[in-house]
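# Examining the three-dimensional arrangement
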Amino acid sequence: MTRIMVFGTFDMVHEGHVDFFRQARALARNPCLIVSVARDPIVARIKGVKPRRSESERQALLERNMLVDEVILGQEDGYIEHIEAARPSIIALGYDQVGEFVDRLERDLTNAGMKVKVMRMKAFRQETYKTSKLI
């Protein structure tokens, strides 16, 4: 089984997210998809607004998704320990994921002695399926 980790806010799960999960799962023959849900304070800091749903509501929403094998809450401070605990072989990033964590992810993984492949997934009709456009 190959552990594949993805990250996001997931205030809602739309077709763009479903495609993201499918692309991530397609990276391995026998995938175990781990979804890391961003903590409320982190979302507010990075996006400048609080999420519409609480982290526990977002976690529960994802736990019902048939493409998702495991749902965990992200760290409130940092991210390396969180990734280390999940033990992924692959991290699948969304086409639009940018910022402080993503910019230094590969360097931080290497510095922590982790051998994790980082891959960027393709957009899926981002003109329609983007949470900020759907809200």
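Higher on the page you've got the structure.
Please read these numbers as outputs of a predicted model, since none were measured by experiment. (Residues numbered from 1 in each chain as written. Predicted model: local features only at pLDDT ≥ 70, side-chain atom pairs only at ≥ 80, totals over all residues. Heavy atoms only, no water.)

One full turn of an α-helix is made of 3.6 residues, so residues set three or four places apart face in the same direction. Taking burial as the measure, the eleven residues of helix α1 (residues 15-25) include eight buried ones, the bulk of the element. Buried within α1 we find G16, H17, V18, D19, F20, F21, Q23 and A24. (Buried < 20%, exposed > 50% of the residue type's maximum accessible area, 1.4 Å probe, protein only. Helix = DSSP H or I, 4+ residues; strand = E, 2+ residues; numbered from the N terminus.)

Note that Q23 resides in helix α1. Apart from residues no more than four positions distant in its own chain, Q23 is found in contact with M121 and K122. (Contact = heavy atoms within 4.5 Å.)

This brings us to the environment of G74. Within the secondary structure layout, G74 lies in the loop between β3 (70-73) and α4 (80-86). For G74, a relative accessible area of 9% corresponds to the buried category. The spacing of G74 and T9 is 65 residues in sequence and 9.9 Å in space, taken between C-alpha atoms. Each residue touching G74, except ones within four places of it in the same chain, is listed here: S36, V37, R39 and H82.

The biggest cluster of nonpolar side chains holds 18 residues, and the ones touching the most others in it are I4, V6, F21, L33, V35 and L62. Where this core is concerned, the elements lending two or more residues are β1 (2-8), α1, β2 (31-37) and β4 (90-93). With four residues, the single largest contributor to this core is α1. Listed in part, the 17 residues of the second largest apolar core include F7, I42, I80 and L109. (Core = buried A, V, L, I, M, F, W, Y, C linked by side-chain atoms within 4.5 Å.)

Most peptide bonds take the trans configuration, and most residues that are not glycine carry a negative phi. With phi around 60°, F10 is a residue other than glycine that occupies positive phi space. Here F10 lies in the loop between β1 and α1. Among the residues examined, F10 registers a relative accessible area of 3% and is labelled buried. In this model, R87 sits at a positive phi of 55°, which is unusual for a non-glycine residue. If you trace the backbone, R87 turns up in the loop between α4 and β4.

With that out of the way, let us pick up the packing of aromatic side chains. With the rule as written, the count across this model stands at three aromatic pairs. Aromatic pair F10 and F21: ring centres 5.6 Å apart, planes at 45°, arrangement tilted. Taken together, the positions of F10 in the loop between β1 and α1 and F21 in helix α1 put the pair eleven residues apart, joining distant regions of the chain. For the pair shown, F10 and F21 are each scored as buried. Grouping aromatic residues by their ring pairs yields a cluster made of F10, F20 and F21. (Phe/Tyr/Trp six-rings, centres within 6.5 Å; stacked < 30°, edge-to-face > 60°.)

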